[in-house]
Amino acid sequence: MDGGGESAASSGIDVSVILPMYNASCWLDDCLQSVLEQDFQGSMELSVFDDASTDDSRAVIGSWTERLQERGIAMVISGHNSDQPKGAGYAKNRAVIQSRGRFLCFQDAIVGCRVRRTPEGSTERYTRWINTLSQEQLLTQVYTSHGPTVIMPTWFFSRRWFHKVGIFNEGGKGVPEDLLFFYQNLRLGGGVVRLEECLLVYRYHELAASHFVLEETMWNLRVEFLQERVLSQWDSFTIWNAGKQGRKLYRSLSPANRKKVKAFCDVDENKIKKGFYTYEETEERPKPRVPILHFREASPPFLVCVKLDMTGGGLEENLLSLKLKEGLHYYHFN
């Protein structure tokens, strides 16, 4: 990708809309209509890379070429015809490499801040989460199972920053290339900002690439990033949840970080009455025994392993009652 920044600087194009596609025919008309209706007054191009589609995606793109060019939107279209697609990361990288804009805007073969989910009502909790995070929570809640706090289809950043962060992972199906890129952005000091306007219709469908990412893959990446960014700074901490998820987190930690766990805490009296959690699976002798306390008897910092927005406000009220600050005294993991 060397030299891409220079050619972009001399192209005179302000924004490249990046559109990787694979068998996206049924959504492309809505997607391209949204590109056509943008009110941006600068120069734009649409960079499309077809990842070996077997439907009529390329024909649909071709049917829009004249309308987009009449609107002043330049187009660059390419792809490959291999037997198998090479994955979202590969297609995104190719679309970026062939583009020329100073800034990159990602379309992701869907209609593309805040978002509106279509069909209405799909992934209600997730949509509420991505739309209501505060500016601070865009950074503190990056360890939750929801993934990036600013969703990929709304990403907008400079080509210079893309070259700084590095290309998307090209591991193919099952690799969360957006989360890996997002984490690397944070590692390099990149910021995260969300406009309060709703600028994206975010399509939910069963063939989306995100459905092929295993939960365990996401879990391991989140734990690794949590240990790197948070636990390396803490001498000791409490895991908020003595149940299945809290115990799994404990077992997933490095031996050094497991030793930092001073207690589990919970609101369930049955769990608290047990007194201790014993790590039976370990080869350590003696086996670690971690106290289980009521949350009011436990001390921060906490790793909260209770699902957000699933306790009728009880978790949030309990955290508020302790007068704790998110990002200082606790982080959400689930």
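This is a predicted model, so every value here is computed, not measured. (Residues numbered from 1 in each chain as written. Predicted model: local features only at pLDDT ≥ 70, side-chain atom pairs only at ≥ 80, totals over all residues. Heavy atoms only, no water.)

Caption draft 1: Spatial organisation of the overall build of the chain. Within the chain, the regular secondary structure consists of 13 helices and 13 strands. A total of about 16,600 Å² of accessible surface is found on the chain, and carbon and sulfur atoms cover 50% of it. Of the charged side chains in the chain, 40 are positive and 42 negative; the average position of the first set lies 7 Å away from that of the second. (Helix = DSSP H or I, 4+ residues; strand = E, 2+ residues; numbered from the N terminus. Areas by Shrake-Rupley, 256 points an atom, 1.4 Å probe, with all protein chains shown as cover. Lys, Arg positive; Asp, Glu negative; His and termini not counted. Charge placed at Lys NZ, Arg CZ, Asp CG, Glu CD.)

Caption draft 2: The sheet that holds strand β3 (residues 73–80), seen in detail. Reading across the sheet, the five strands line up as β3-β2-β1-β4-β6 and stay open at both edges, with mixed pairing between neighbours. For this open sheet the edge positions go to β3 and β6 (156–158), each flanked by a neighbour on one side alone. For this sheet, the mean inter-axis angle between neighbouring strands, taken without regard to orientation, is 20 degrees. Sheet topology places strand β2 (residues 44–51) next to β3; eight bridges connect them, and they run parallel. The partner of phenylalanine 49 across the bridge, within β3, is serine 78. Running over the sheet, helix α2 (residues 25–36) touches β1 (15–21), β2 and β3 and is turned about 180 degrees from β1. (Pairing = 2+ DSSP bridges. Axes fitted to C-alpha atoms, helices over the stretch in contact; angles between N-to-C directions. Contact = heavy atoms within 4.5 Å.)

Caption draft 3: Representation of helix α4 (residues 88–98). Every buried residue belonging to α4 is among Gly89, Tyr90, Ala91, Lys92, Asn93, Ala95 and Val96, and all of these are buried. Lining the buried residues of α4 we find β1, β2, β3, β4 (103–106), α7 (159–165) and α8 (177–187). (Buried < 20%, exposed > 50% of the residue type's maximum accessible area, 1.4 Å probe, protein only.)

Caption draft 4: Structural context of the sheet that holds strand β12 (residues 302–304). With mixed pairing, six strands are arranged side by side in an open sheet as β10-β11-β9-β8-β12-β13. The sheet is open, and its two edges are formed by β10 (276–278) and β13 (330–332), each paired on a single side. The average angle at which neighbouring strand axes cross in this sheet is 25 degrees, direction not considered. In the sheet, β12 pairs with β13 via three bridges, with the strands oriented parallel. Looking at β13, one finds that phenylalanine 302 is bridged to tyrosine 330. Where helix α10 (residues 244–252) meets the sheet, it contacts β8 (237–240), β9 (261–266), β10, β11 (289–294) and β12, and its direction lies at approximately 165 degrees from that of β9.

Caption draft 5: Quick look at the confidence of the model for the chain. With 93% of its residues at a pLDDT of at least 70, the chain reaches an overall mean of 91. Throughout residues 1–6 the model reports pLDDT below 50, and contacts reaching past four residues in sequence, or to other chains, amount to nine contacts. (pLDDT = per-residue confidence, 0-100.)

Caption draft 6: Looking closely at the packing of α2 against helix α3 (residues 57–70). Close contact between α2 and α3 brings their axes to 9 Å; oriented N to C, the two are set at 20 degrees. With respect to each other, α2 and α3 are oriented roughly parallel. In this structure, α2 meets α3 at a crossing whose hand is right-handed. Here Ser25, Leu28, Asp29, Leu32, Gln33, Val35 and Leu36 of α2 lie close against α3, whose contacting residues are Ser57, Val60, Ile61, Trp64, Arg67 and Leu68. Counted by class, the contact of α2 with α3 contains eight nonpolar, three polar and two charged residues. (Parallel < 35°, antiparallel > 145°, perpendicular 65-115°, else oblique. Left-handed = near helix turned anticlockwise from the far one by under 90°. Nonpolar A, V, L, I, M, F, W, Y, C, P; charged D, E, K, R; others polar.)

Caption draft 7: Molecular detail of helix α5 (residues 124–132). Within α5, the full set of buried residues consists of Tyr126, Thr127, Trp129, Ile130 and Asn131. Elements that come into contact with the buried residues of α5 comprise β5 (114–118) and β7 (198–203).

Caption draft 8: Local environment of the side chain of threonine 144. Along the chain, the position of threonine 144 falls in the loop between α6 (137–140) and β6. Within the structure, the side chain of threonine 144 is placed 3.3 Å from the backbone oxygen of glutamine 141, a separation counted as a polar contact. (Polar contact = N/O pair within 3.5 Å; in protein donor to acceptor, adjacent residues only side chain to side chain.)

Caption draft 9: Spatial organisation of the pattern of salt bridges. Within the structure shown, the criterion is met by 14 salt bridges. The salt bridge involving lysine 287 is made with glutamate 280; its shortest N-O contact spans 2.8 Å. On the basis of relative accessible area, lysine 287 is assigned to the partly exposed category, the value being 29%. Within this structure, Arg114, Arg194 and Glu196 form a network of salt bridges that share partners. (Salt bridge = Lys/Arg side-chain N within 4 Å of Asp/Glu carboxyl O.)

Caption draft 10: Expanded view of the nonpolar core. Core analysis: the biggest nonpolar cluster contains 62 residues, and Phe106, Trp155 and Leu249 have the highest contact counts within it. In terms of residue count, the dominant contributor to this core is helix α9 (residues 215–229) (six residues). Non-local contacts of leucine 249, meaning those with residues more than four positions away in its chain, are made with Trp219, Val223, Leu226, Leu303, Cys305 and Phe333. Of all hydrophobic cores here, the second largest spans 19 residues; its members include Val17, Leu19, Ala24 and Val60. (Core = buried A, V, L, I, M, F, W, Y, C linked by side-chain atoms within 4.5 Å.)

Caption draft 11: A look at the environment of phenylalanine 264. Structurally, the position occupied by phenylalanine 264 is in strand β9. The buried category is assigned to phenylalanine 264, whose relative accessible area is 1%. Sequence separation between phenylalanine 264 and histidine 294 is 30 residues, and the spatial gap between their C-alpha atoms is 8.5 Å. Discounting residues that sit within four places of it in the chain, phenylalanine 264 has contacts with Thr238, Ile239, Asn241, Ala242, Gly246, Arg247, Tyr250, Tyr277, Val290, Pro291, Ile292 and Leu293.

Caption draft 12: The arrangement of the packing of aromatic side chains in detail. Tallied over the entire structure, the rule returns 24 aromatic pairs. When the centroid spacing of 5.8 Å and the interplanar angle of 85 degrees are considered together, the rings of tyrosine 250 and tyrosine 277 count as edge-to-face. Here tyrosine 250 is found in helix α10, whereas its partner tyrosine 277 is found in strand β10, with 27 residues between them in sequence. Within the aromatic cluster, the residues linked to one another by ring pairs are Phe106, Trp155, Phe157, Phe162, Phe168, Phe181 and Phe182. (Phe/Tyr/Trp six-rings, centres within 6.5 Å; stacked < 30°, edge-to-face > 60°.)

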